[in-house]
Amino acid sequence: MKTMSSEIIPIFFIIFSLFQLSLVLCSDYSDKVCLANSKDFDFFYFVQQWPGAYCNTRHSRCCYPSTGKPAPDFGIHGLWPNYKTGTYPSNCDPHRPFRPSEISEDLKSRMERDWPTLACPSSDGTKFWAHEWSKHGTCSGSNFDELKYFETALNLKKQFNLLQILENAGIKPNGKLYSLSSIKEAIREATGFTPGIQCNMDGSSSQHQLYQVYMCVDSNTGSHFIECPLLPNGSCSSKVEFPSF
């Protein structure tokens, strides 16, 4: 008659052997996603920034990319894994650096248009994209390699035209003041989801201005907008400026 302990011991060795095998596979393929077999975050923040607000503040310098001045449109800042607690993972895998060779010319053209850098000194955006990939993209779980991470963010931007949504509601980038509630409502009405709004300060008048818009995205495919489990503290007044660009 078998005892319970005699049945448990073989099972233990099987599990331990599988664990050792997984370590070997990960060490042999360090450029693959071996950190986890499933996602370990709750949702994505998809963040877009208004270039007029980035350039019109006393706290940062603004340099147009080497490809020229971006179009007056919201540009992608990033696609950021987050926890419902308000914290987030970052820099999850140093063995997966940004590889420009993975980006096709067509995809690079889309990134230059929809994900432009405004940091100084002027550059082609590679440093900005490398930062976003290293800090956030490597934490996106086993479903996202470098190529899919950037394609996913670009495809999210295509789903909703933020500038058109706001202009349709009479909210235009003309330096005038608009109520924060009207900005949120215009986006919620058009998308079906409540956005998070982040403001910064106008460099000349110290007026709060519309800087970034946060939308939440599912953590499985990164392709579906969802109601935000948690909205960021946007530091906005009740009326905000929408600066020109």
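Residues numbered from 1 in each chain as written. Predicted model: local features only at pLDDT ≥ 70, side-chain atom pairs only at ≥ 80, totals over all residues. Heavy atoms only, no water.

> Explanation requested: the overall build of the chain in the structure shown.
Per the secondary structure count, the chain includes seven helices and seven strands. Helices (α) and strands (β) of the chain occur, in sequence order from the N terminus, as α-β-α-β-α-α-α-α-β-α-β-β-β-β. The buried share of the chain, taken over its 245 residues, is 38%. Excluding contacts between residues fewer than 6 apart, the proportion of contacts in the chain whose partners are at least 24 apart in sequence is 76%. Carbon and sulfur atoms form 55% of the exposed surface of the chain, whose accessible area is close to 13000 Å². (Helix = DSSP H or I, 4+ residues; strand = E, 2+ residues; numbered from the N terminus. Buried < 20%, exposed > 50% of the residue type's maximum accessible area, 1.4 Å probe, protein only. Contact = heavy atoms within 4.5 Å. Areas by Shrake-Rupley, 256 points an atom, 1.4 Å probe, with all protein chains shown as cover.)

> Help me understand helix α7 (residues 180-191), please; the structure alone is not making it clear to me.
Working note: α-helix, 3.6 residues per turn, so residues spaced by three or four point in the same direction. The terminal C-alpha atoms of α7 lie 17 Å apart, and with twelve residues this matches the ideal 16 Å at 1.5 Å per residue to within 8%. Looking at α7, one finds that the buried residues are Leu180, Ile183, Ala186, Ile187 and Thr191. Here the buried residues of α7 occupy an arc of 135° about the axis, which is enough to place them on one side. Those residues of α7 that are exposed and aimed more than 90 degrees away from the buried face are Ser181 and Glu189. On its buried face, α7 sits against α6 (162-168), β3 (177-179), β4 (196-201), β5 (208-217) and β7 (239-241). (Expected span 1.5 Å × (residues − 1). Arc of directions from axis to C-beta.)

> It is not clear to me how the pattern of salt bridges should be interpreted in this structure. Could you clarify?
Two side chains of opposite charge can pair, provided their charged atoms sit close to one another. Under the counting rule described, the total for this entry stands at four salt bridges. Here Arg113 ties to Asp114 by a salt bridge, and the two come within 3.2 Å at their closest N and O atoms. A relative accessible area of 54% means that Arg113 is categorised as exposed. Salt bridges sharing common partners tie together Glu185, Arg188 and Glu189. (Salt bridge = Lys/Arg side-chain N within 4 Å of Asp/Glu carboxyl O.)

> Just to check I follow, could you spell out the UniProt feature "active site" (unreviewed entry) in the chain for this structure?
In the numbering used here, UniProt assigns the feature "active site" (unreviewed entry) to His77, Glu132 and His136. Taken together, the annotated residues stretch across 60 residues yet fold into one region, lying no more than 11.2 Å apart by C-alpha. As for its position among the elements, His77 is in strand β2 (residues 75-82). Contacts of His77, omitting those with residues within four sequence positions, involve Val47, Gln48, Gln49, Trp115, Phe128, Glu132 and Gln212. Following the sequence through the fold, Glu132 ends up in helix α4 (residues 126-135). Here Glu132 falls in the buried class, since its relative accessible area comes to 1%. A distance of 2.9 Å separates a polar atom in the side chain of Glu132 from a polar atom in the side chain of Trp80. (UniProt positions renumbered as here; feature names shortened; annotations may be inferred. Polar contact = N/O pair within 3.5 Å; in protein donor to acceptor, adjacent residues only side chain to side chain.)

> I keep staring at the confidence of the model for the chain and nothing clicks. Help me out?
Predicted coordinates in areas of low pLDDT are best not read in detail. Looking at the chain, pLDDT values average 87 and 84% of them are 70 or higher. In this model, residues 4-38 is a region of pLDDT below 50 whose contacts with residues beyond four sequence positions or in other chains number 21 contacts. (pLDDT = per-residue confidence, 0-100.)

> I tried to follow the nonpolar core on my own but got confused; where do I start?
Across soluble globular proteins, nonpolar side chains show a tendency to be buried alongside one another. Counting 44 residues, the largest nonpolar core has Phe74, Trp115, Phe150, Leu166, Ile183, Ile187 and Phe242 as the members making the most contacts within it. Once residues within four sequence positions are removed from consideration, Ile187 is found in contact with Leu162, Ile165, Leu166, Gly192, Phe193, Pro195, Ile197, Val213 and Met215. If you look at the next biggest cluster of nonpolar residues, it comprises seven residues, including Phe43, Tyr45, Cys216 and Cys228. (Core = buried A, V, L, I, M, F, W, Y, C linked by side-chain atoms within 4.5 Å.)

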